[in-house]
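# Structural overview
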Amino acid sequence: MKFLKIFFIIVFVLIIVVAAGLFIFLKTFDINRVMPQITSQVSAQLGKEVAVGRTDLALSLSKGISLNARDIVVHQDRSRSSEKIVEIQNVKMALDVMTLLRERKIRVMGVQVISPRLKLVRNKDGSFNVLPAPAAVPPTPGRHPPRSYPPDARAPSAGRAL
């Protein structure tokens, strides 16, 4: 009986230490140090220059991990002096903590875009200057592909405030 009591105390203390370590890491981690790497990869994928002003990473018990990016700009081509085709004042994303801890993958649970401005221009060949569609990610074995919704239907999480 005494062994079981000591075992549970040790497990409880370990859980508290791990939770406190995770909390301290997330509160002291500066996401702005890695943003140049993230924006360069996004720019390479899109073939257009992408700039992000300021980002914040927050942790709360009710919302989990949230990422807030401000002043996002996408330029027409790879130079910052080119015309801006997308400007977004603020983007808020909610991230799934359990997927991050278990699978070491980032899973976005919800996105809220505030004050987007798009500039669409029809090129001489009739196409628009819109961003290219991202390459399809092959499905993970054992997982179902994401459900698609008709254009007039709303996804179950659509409209949910972060």
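Refer to the structure printed above.
This text gives an overview of the structure that appears in the document. Within any chain, residue numbers begin from 1 and follow the written order of that chain's sequence. For a predicted model such as this one, the threshold for reporting local features is a pLDDT of at least 70, and the threshold for listing and counting side-chain atom pairs is 80 or more; totals across whole chains, interfaces and linings nevertheless cover every residue. With hydrogens and water set aside, each side-chain value is computed from the structure's full complement of heavy atoms.

### Details of the overall build of the protein
Formally: Secondary structure is summarised from DSSP: a helix means a run of H or I of at least four residues, a strand means a run of E of at least two, and numbering begins at the N terminus for each. For every residue, the accessible area (1.4 Å probe, protein chains only) is compared with the maximum for its type, and the residue is labelled buried under 20%, exposed over 50%, or partly exposed between those bounds. Here, residues are in contact when the closest pair of their heavy atoms is within 4.5 Å.
The helix and strand tally for the protein stands at three helices and four strands. From first element to last, N terminus to C terminus, the protein shows the α and β order α-α-β-β-β-α-β. Taken across its 162 residues, the protein has 20% of its residues classed as buried. When contacts within the protein are restricted to residue pairs at least 6 apart in sequence, those whose partners lie at least 24 apart make up 45%.

### Thoughts on the side chain of threonine 55
Formally: Polar contact criterion, stated in full: a pair of N or O atoms within 3.5 Å, where within protein one must be able to donate a hydrogen and the other to accept it, and residues adjacent in sequence count only if both atoms are side-chain atoms.
Tracing the chain through its elements places threonine 55 in strand S1 (residues 50-60). A distance of 2.8 Å separates polar atoms of two side chains, one belonging to threonine 55 and the other to asparagine 32. Those residues in contact with threonine 55, other than ones at most four positions away along the chain, are Ile31, Asn32, Met35, Asn68 and Ala69.

### Quick word on the nonpolar core
Threshold: What makes a nonpolar core is a set of buried Ala, Val, Leu, Ile, Met, Phe, Trp, Tyr and Cys residues whose side-chain atoms join them at distances within 4.5 Å.
Core analysis: the largest hydrophobic core is formed by twelve residues, namely Ile31, Met35, Val50, Leu67, Ala69, Ile72, Val74, Ile85, Val86, Ile88, Val91 and Met93. Counting residues per element, the ones that place at least two in this core are strand S2 (64-75) and strand S3 (84-95). Looking at this core element by element, the count peaks at five residues for S3. The residues touching isoleucine 72, leaving out its near neighbours within four places in the chain, are Ala51, Val52, Val86, Glu87, Ile88 and Val91.

### A short note on the layout of surface pockets
In plain terms, the rule: The pocket and cavity definitions rest on a 1 Å grid over protein atoms only: a 1.4 Å probe that fits but cannot leave marks a cavity, an open set with protein on both sides within 12 Å along at least five of seven lines marks a pocket, and residues lining either have an atom within 4 Å of a point. Grid points are joined across faces, edges and corners, and a volume is the space filled by probe spheres set on the points.
By volume, the largest pocket is sized at about 1000 Å³. Lining the largest pocket are 36 residues, and of these Met35, Ile38, Val42, Leu67 and Met93 lie nearest its centre. Listed by contribution, the elements that provide at least two residues to the lining of the largest pocket are helix H1 (2-28), helix H2 (35-46), S1, S2, S3, helix H3 (97-103) and strand S4 (108-118). Of all the elements, H2 adds the most residues to the lining of the largest pocket, at seven residues.

### Here's the deal with H2
Side chains three or four residues apart in an α-helix point the same way, a direct result of the helix having 3.6 residues per turn. Selection criterion: Helix span, expected: 1.5 Å multiplied by one less than the number of residues in the helix.
Over its twelve residues, H2 extends 16 Å from the first C-alpha to the last, a length consistent with the 16 Å expected when each residue adds 1.5 Å. On its buried face, H2 is in contact with S1. Positive backbone phi, at 75°, marks glycine 47, one or two positions downstream of H2.

### Quick notes on unusual backbone geometry
Unlike most non-glycine residues, arginine 104 shows phi in positive territory, near 55°. For arginine 104, the position within the fold is in the loop between H3 and S4. Overall, the relative accessible area of 78% leaves arginine 104 in the exposed class. If you check the backbone angles, serine 115 has positive phi at about 55° while not being a glycine. Looking at the secondary structure, you find serine 115 in strand S4.

### So, the sheet that holds S1
One key point about sheets: their strands pair by backbone hydrogen bonds, in either a parallel or an antiparallel sense. Using the following cut-off: The rule for pairing is simple: two strands pair if DSSP sees at least two bridges between them. Only the stretch in contact is used when a helix axis is fitted, and all axes are lines through C-alpha atoms; the angle between N-to-C directions ranges over 0 to 180 degrees.
In spatial order, the strands read S1-S2-S3-S4; together these four strands make up an open sheet with antiparallel pairing. Two strands in the sheet have a free side with no partner beyond their single neighbour: S1 and S4. Within the sheet, the average angular offset between the axes of one strand and its neighbour, ignoring direction, is 10°. Sheet analysis places S1 next to S2, joined by ten bridges and oriented antiparallel. Its bridge partner lying in S2, threonine 55 is registered against alanine 69.

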